[in-house]
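Chain by chain, the residues:
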Amino acid sequence: MVAGWEWDETLFAGTAAHYRRGRLPYAPGLADMLAEALCLDGRGRLVDVGCGPGILSLSLAHLFSEVVGVDPDGEMIAEARREAAGRGVAEKTRWVRARAEELPAGLGRFTVATFGQSFHWMDRELVAVTTRDMLRPGGALVHISDLKTETLTVDGLPHPAVPGAAIEELIRHYLGPVRRAGRGVLPQGTPGGEAVVLARAGFSGPQRHVVPGGQPLERTVGDVVAGVFSMSFSAPHLFGARRDAFEADLRRLLREASASGRFSERRPSTEVFVWGKGPRGGSPEGEPTRP
C-alpha cells in the first residue's frame, strides 16, 4: 500500500448499510460479457476478494456452482449474507470475514477470482501471488472498475446533475483538505500500477473489455446521501459527533440543487481486465483504481 498508510478495520465502518443503495451500478451486460470471455457455464468456483455487500458476487452467482465472498468488514459480510438469502442463492454462496492478506484461508481452488474496485486497498504483491496459487490451471483473475476516462453528462435528462463539486467541498469543510482513509489519510489517493503488480506475480495478459454504460438513472436525495456515506473518505464514523450536522447540511445542499429532490445520473461504463494464470512476462496495460 501507500507509504505511511496502514489498513485498519475502520476503513469502511458503517458504510455497508448505504453501499447497495448509494453506489452506482456496474454497466448492464457485465455478467454476459464475462460469461462469453471466460466460457462460464454454471460450473466452477468464484472467489470475490473484497466483496463488500456482495454486489458483484451475487450478480455473477448464476455463472458458477459456488461463490465465495471475502471481506474484512463484518457488516459487509452480514449484508451480503442477507442479500444472498433474499435472492434464494444462500446454498451456493459462502461469506468469509477475512482480509485478502489472510488468504488462502483453506478456501480451496477457484476457476475465477474477481476484484471489484478493491485491489488497491490491499498488499497487492502478496495478494496477487496468493491469488494466482488459488486458481486452477487455466483460471483467471478479473479486475473490474468504473471506466475513468469517459465524461458523462445529463444533457437531455429530466433532472439536474448531482452537485459533485459542492459535495466534495462540504466534505472538506467537515473533514479537512486531506483525504481520509480509516484512521489515517491518503494525501496522494490510492495507488495505481495494478498491471505491473499482476504481471510480476506471473499472470499473463491482460485482455481488456469495456462494457458500455451511459444508461440514465434517476436518483433521490436519499440515494445521493447514501452514496456519500458509502465512500471510504466520507464514511459515517469519520464525522464523529458532527455526523448529523453534516447530513443536515448535505440534504440542504441537495434540496437547493434540485427543487424536486430528484437528480439525473448515467451509469458509468465498466472496465474489465482479464488476467490468465499463465507464464510470467505478460504485457501490462491499464491501471484502473477506485476510491
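All figures in this text were calculated on a predicted structure; none of them were measured in a lab.

Things to note about helix 4 (residues 74-86)
Reasoning step 1: Here helix 4 contains 13 residues, and its C-alpha end-to-end distance of 18 Å stays within 8% of the 18 Å for a straight helix at 1.5 Å per residue.
Reasoning step 2: For helix 4, the complete set of buried residues consists of M76, I77, E79, A80 and A84. Relative to the axis of helix 4, the buried residues are bounded by an arc of 160° and lie together on one face. Exposed side of helix 4, more than 90 degrees from the buried face: R82 and G86 are the residues found there.
Reasoning step 3: Lining the buried residues of helix 4 we find helix 1 (16-22), helix 3 (55-59), strand 2 (66-71) and strand 3 (93-97).

Some details on the pattern of salt bridges
Reasoning step 1: Summed over the entire model, instances satisfying the criterion amount to 17 salt bridges.
Reasoning step 2: The salt bridge involving R82 is made with E79; its shortest N-O contact spans 2.8 Å. Remark: E79 and R82 occur in helix 4; sequence separation between them is three residues, near one turn of the helix.
Reasoning step 3: Given the relative accessible area of 18%, E79 is considered buried.

Rules behind the numbers
Residues numbered from 1 in each chain as written. Predicted model: local features only at pLDDT ≥ 70, side-chain atom pairs only at ≥ 80, totals over all residues. Heavy atoms only, no water. Helix = DSSP H or I, 4+ residues; strand = E, 2+ residues; numbered from the N terminus. Expected span 1.5 Å × (residues − 1). Buried < 20%, exposed > 50% of the residue type's maximum accessible area, 1.4 Å probe, protein only. Arc of directions from axis to C-beta. Contact = heavy atoms within 4.5 Å. Salt bridge = Lys/Arg side-chain N within 4 Å of Asp/Glu carboxyl O.

What is shown is where atoms sit, not what they do.
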